[in-house]
Amino acid sequence: MSTSPRELRVGLVGYAFMGAAHSQAWRTVNRVYDLPARARMTLICGRDAGKVADAADRLGWEGHTTDWRDLVTRDDIDVVDVCTPGDSHAEIALAALAAGKHVLCEKPLANTVEEARAMAAAAATARSAGVRSMCGFNYRRVPAVTMMRDLVAAGRLGVIRHVRATYLQDWIVDPQFPLVWRLLKDRAGSGALGDIGAHIIDLTQFVTGQRITGVSAVTETFVKERPLPVDAQGLTGSVDGSAGVDGAGPATGTVTVDDAAVFVARLDGGALATYEASRFATGRKNALRVEINGSLGTVVFDLERLNELEFYDAALPPAEQGFSRILVTEGDHPYMSAWWPPGHIIGYEHSFTHQMRDFVEAVATGTDPAPSFADALQVQLVLDAVTRSAELGSSWTEVEPALVTVAA
């Protein structure tokens, strides 16, 4: 552990899209928030020696390594941040927790329920020794989303009756888009369901304070064969970028995950919900939208207008009712006190800075950050129920309880 409680030395595993987003947040968090500990960007890890060395220099890390096992056992690392594909989350996080490191792990927590249960159990055991862990559902940290949760918790919407959530992208609409790792079940766990569906599952449960108890689902893979990736030399190879013998090998491979998932759900507070996650919504780049209808009002969040909420207050006189626009940029709005004057908007990357703020503060003060691995296990169980329902012809499928066993 750290020689000083005022410093947390971070080791990051992964340097691609999420690794870059997390790096930006680690660089920024102590520059905008006055926290009880300073996050120090000590080490970054990746498989390719040249690429990880370049990433360390570009993203602001002091050192680099190609061996995550070395990272999680080093005495000069206090926090392990896992930003790898889902097939390695469990192995890295379990090793880090066993080594006494605090762990931040990207979503979804794991590729299987069994892995997620093992991770949640290990996190519960490590907690008794003061070791903290959190899953990175960053959209919780968008100020408008947190305010949305606060409005619901304060009773401004009354009894929650409906939840509608969609997350739509189009980056694989072209059937010639290559077979990257996100399109393989053994690497990614699932497709649109786990990649973006997990976000709206967590976000809606966070906002409403209700858990999904059962689902009826359908999933679809629209393009079942895709070209294998081509390396810089023009050689067709495997999904990890390595070429076959003399570049030989099949020209295409099989997509083994869903392209889209749609399901209805019931929440434990009585609300009915609909969810749609698709990477085939032509024209939609990163369109996340959530609407909550209650007996006293409605609130709407749209990621493409992430500084705003739409709010309908049915408690107002009929002549004054209508959807109002709330610009969530005031200093007393969630997270906004560290940023700019009112009306000066923030962006996607700020959600990660807010995530690091909450994580550092929890670790430094010895409190439990959220969402915990147990929370992330519950999301994993919903994903599993959706998958099982789709496999059984959309039959109603109950979500298994997220029971966590603490090792003696």
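Owing to the predicted nature of the structure, the values given are computational and were not obtained by experimental measurement. (Residues numbered from 1 in each chain as written. Predicted model: local features only at pLDDT ≥ 70, side-chain atom pairs only at ≥ 80, totals over all residues. Heavy atoms only, no water.)

Enquirer: Help me understand the sheet that holds strand 17 (residues 397–398) in this model?
Expert: Sheet strands line up and pair through hydrogen bonds in the backbone, either parallel or antiparallel. Read across the sheet, 9 strands follow the order 16-15-14-13-7-12-11-8-17 without closing on themselves; strand pairing throughout is mixed. Looking along the sheet, the strands with just one partner apiece sit at the ends: strand 16 (323–327) and strand 17. (Pairing = 2+ DSSP bridges. Helix = DSSP H or I, 4+ residues; strand = E, 2+ residues; numbered from the N terminus.)

Enquirer: Whenever I open this one, the packing of aromatic side chains confuses me. Can you help?
Expert: Two aromatic rings, taken as a pair, are described by how far apart their centres are and by the angle between their planes. Across all of its chains, the model carries 9 aromatic pairs by this definition. Pairing tyrosine 33 with tryptophan 339 gives two aromatic rings, centres 6.4 Å apart and planes at 90°, and the pair type is edge-to-face. Of this pair, tyrosine 33 sits in the loop between helix 1 (17–32) and strand 2 (38–45) while tryptophan 339 is found in the loop between strand 16 and helix 9 (348–365), placing the two residues 306 residues apart along the sequence. On the accessibility criterion, tyrosine 33 (8% relative accessible area) is buried. Where phenylalanine 263 meets tyrosine 275, the ring centres are 4.7 Å apart and the plane angle is 10°; that geometry is what we call stacked. Of this pair, phenylalanine 263 sits in strand 11 (residues 260–267) while tyrosine 275 sits in strand 12 (residues 272–278), and the two are 12 residues apart along the sequence. (Phe/Tyr/Trp six-rings, centres within 6.5 Å; stacked < 30°, edge-to-face > 60°. Buried < 20%, exposed > 50% of the residue type's maximum accessible area, 1.4 Å probe, protein only.)

Enquirer: Just checking my understanding: could you explain the side chain of glutamine 380 for this structure?
Expert: Within the secondary structure layout, glutamine 380 lies in helix 10 (residues 373–391). Reaching out from glutamine 380, the side chain makes a polar contact with the backbone oxygen of alanine 110 at a distance of 2.9 Å. If we skip the residues at most four places from it in the chain, glutamine 380 touches Pro108, Leu109, Ala110, Asn111, Thr112, Val113 and Ala116. (Polar contact = N/O pair within 3.5 Å; in protein donor to acceptor, adjacent residues only side chain to side chain. Contact = heavy atoms within 4.5 Å.)

Enquirer: What am I meant to see in the packing of helix 5 (residues 113–127) against helix 10 here?
Expert: Relative orientation and spacing of two packed helices are given, respectively, by the angle between their axes and the distance between those axes. At their nearest, the axes of helix 5 and helix 10 sit 9 Å apart, and the two run at 170° to each other. Considered as vectors, helix 5 and helix 10 are oriented roughly antiparallel to each other. Seen from above, helix 5 lies across helix 10 with left-handed handedness. Residues Val113, Ala116, Arg117, Met119, Ala120 and Ala123 of helix 5 pack against Phe373, Ala374, Leu377, Gln380, Leu381 and Asp384 of helix 10. In terms of residue class, the contact of helix 5 with helix 10 is built from 9 nonpolar, 1 polar and 2 charged. (Axes fitted to C-alpha atoms, helices over the stretch in contact; angles between N-to-C directions. Parallel < 35°, antiparallel > 145°, perpendicular 65-115°, else oblique. Left-handed = near helix turned anticlockwise from the far one by under 90°. Nonpolar A, V, L, I, M, F, W, Y, C, P; charged D, E, K, R; others polar.)

Enquirer: When you look at the packing of helix 6 (residues 143–153) against helix 8 (residues 192–208) in this model, what are you seeing that I'm missing?
Expert: For the pair helix 6 and helix 8, the least separation of the axes is 7 Å and the interaxial angle reads 40°. Considered as vectors, helix 6 and helix 8 are oriented oblique to each other. Of the residues in helix 8, those touching helix 6 at Val145, Thr146, Met148, Arg149 and Val152 are Leu203, Phe206, Val207 and Thr208. The residue makeup of the contact of helix 6 with helix 8, split by class, is 6 nonpolar, 2 polar and 1 charged.

Enquirer: I tried to follow the sheet that holds strand 2 on my own but got confused; where do I start?
Expert: Ordered by their spatial adjacency, 6 strands build an open sheet running 3-2-1-4-5-6, and the pairing between neighbours is parallel. Both outer strands of the open sheet, strand 3 (63–65) and strand 6 (133–136), are each paired with one neighbouring strand and no more. Strand-to-strand twist in this sheet, taken as the mean axis angle between neighbours without regard to direction, amounts to 25°. Pairing analysis gives 7 bridges linking strand 1 (residues 7–13) to strand 2, with the strands arranged parallel. Looking at strand 2, one finds that glutamate 7 is bridged to arginine 38. Lying on the sheet, helix 9 is in contact with strand 1, strand 2, strand 4 (79–82), strand 5 (102–106) and strand 6; it crosses strand 5 at an angle near 155°.

Enquirer: Could you clarify how one ought to interpret the nonpolar core in this entry?
Expert: Considering soluble globular proteins, one finds that nonpolar side chains tend to be buried as a cluster. Ranked by size, the top nonpolar core spans 113 residues in total, and within it Trp26, Tyr275, Phe301, Leu309 and Phe373 carry the most contacts. When near neighbours in sequence (up to four residues on either side) are disregarded, tyrosine 275 contacts Val163, Ala165, Ile200, Ile201, Thr204, Ile212, Ala261, Val262, Phe263, Ala265 and Leu267. Core analysis: the next-biggest nonpolar cluster, separate from the first, contains 9 residues, Leu183, Val223, Leu228 and Val255 among them. (Core = buried A, V, L, I, M, F, W, Y, C linked by side-chain atoms within 4.5 Å.)

Enquirer: I keep staring at the confidence of the model for the protein and nothing clicks. Help me out?
Expert: With 93% of its residues at a pLDDT of 70 or more, the protein has an overall mean of 94. Note on residues 232–236: pLDDT under 50 across the span, and 12 contacts to partners over four residues away in sequence or across chains. A low-confidence stretch, residues 241–248 stays under pLDDT 50, and its non-local contacts, those more than four residues away or across chains, total 11 contacts. (pLDDT = per-residue confidence, 0-100.)

Enquirer: Looking at this model, I keep getting lost on the pattern of salt bridges. Mind explaining?
Expert: Opposite charge on two side chains lets them pair, provided their charged atoms get close. The tally for this structure, following the rule as stated, stands at 28 salt bridges. Across the pair glutamate 308 and arginine 305 runs a salt bridge, and its minimum N-O distance is 2.7 Å. Beyond isolated ion pairs, a larger network of salt bridges with shared partners links Glu7, Arg38, Arg40 and Glu62. (Salt bridge = Lys/Arg side-chain N within 4 Å of Asp/Glu carboxyl O.)

Enquirer: What's the story with the environment of glycine 60 in this structure? I'm lost.
Expert: Residue position: glycine 60 is located in the loop between helix 2 (49–59) and strand 3. Overall, glycine 60 belongs to the partly exposed group, its relative accessible area being 38%. Considered as a pair, glycine 60 and tryptophan 171 are 111 residues apart in the sequence and their alpha carbons are 29 Å apart.

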